[in-house]
Structure formats: structure tokens, C-alpha cells
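Structure assessment
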Amino acid sequence: MRSIRHKTLFAAAFAFAMALSSTAMAQFDYRCDSCMSQYTYCAGQPDASIPACVDEYNICAGRYDCPYMPIE
């Protein structure tokens, strides 16, 4: 019984450590954030064309290897 609890505790600690290390490895990329800020500004305009804002974002994202936004 004690061996099972020890293994379960070890597995839980290992899973926690893996989750913590994966979030630490994911770094914030200010360039992708600047593309998103550009999109947010564009979409917030009174006469905004959302497809045009998405195109503008995707052009910016392509320059910095950021994830693309789908065009609906």
C-alpha cells in the first residue's frame, strides 16, 4: 500500500514539474503582441472592415513567424 502511494505521489510531482517547465519555456513575443495590438486598433475603428484588419494582422504575423488569424 505504501509503495502505491509513493508511486502516485512521484507521478503527480513529475506531472506538476513538466507543466511548470513547459510554461516557463513558453516565452512572450512582443512582436506578436504588437501585431495583435495593431489588429485591435484597426478593429476598434468606427468604420472598420474586419477582413481588412485580419489581412493586416496576417501580413504582420508572417513577418515575425506568429500564428495566423483565420479569415472567415
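Above this text sits the structure in question.
Residues numbered from 1 in each chain as written. Predicted model: local features only at pLDDT ≥ 70, side-chain atom pairs only at ≥ 80, totals over all residues. Heavy atoms only, no water.

An ideal rise of 1.5 Å per residue puts 21 Å on 15 residues; helix α3 (residues 50-64) measures up with 21 Å between its terminal C-alpha atoms. If you check which residues of α3 are buried, you get Cys53, Val54, Tyr57, Asn58, Cys60 and Ala61. Across the axial projection of α3, the buried residues extend over an arc of 165°, all falling on one side. What points out from α3, more than 90 degrees from its buried face, is the exposed set Ile59 and Arg63. Where the residues of α3 are buried, they touch α2 (30-43). (Helix = DSSP H or I, 4+ residues; strand = E, 2+ residues; numbered from the N terminus. Expected span 1.5 Å × (residues − 1). Buried < 20%, exposed > 50% of the residue type's maximum accessible area, 1.4 Å probe, protein only. Arc of directions from axis to C-beta. Contact = heavy atoms within 4.5 Å.)

Okay, the environment of Ser34 next. With respect to the helices and strands, Ser34 occurs in helix α2. With 26 residues separating them along the chain, Ser34 and Cys60 place their C-alpha atoms 8.7 Å apart.

Quick look at unusual backbone geometry now. The backbone of Asp65 sits at a positive phi, close to 60°, despite the residue not being glycine. Structurally, the position occupied by Asp65 is in the segment after α3.

Right, let's get into the packing of α2 against α3. In a pair of packed helices, the angle between the axes and the distance between the axes together describe the arrangement. Direction vectors running N to C along α2 and α3 enclose 170°, while the axes themselves pass 9 Å from each other. Regarding the angle of α2 to α3, the classification is roughly antiparallel. Of the two possible hands of crossing, α2 and α3 adopt the one that is right-handed. Packed against α2, whose contacting residues are Arg31, Cys35, Met36, Gln38, Tyr39, Cys42 and Ala43, the element α3 presents Ile50, Cys53, Val54, Glu56, Tyr57, Cys60, Ala61 and Tyr64 at the interface. Considered class by class, the residues forming the contact of α2 with α3 number twelve nonpolar, one polar and two charged. (Axes fitted to C-alpha atoms, helices over the stretch in contact; angles between N-to-C directions. Parallel < 35°, antiparallel > 145°, perpendicular 65-115°, else oblique. Left-handed = near helix turned anticlockwise from the far one by under 90°. Nonpolar A, V, L, I, M, F, W, Y, C, P; charged D, E, K, R; others polar.)

Honestly, that's just the spatial picture; any functional story needs more than this.
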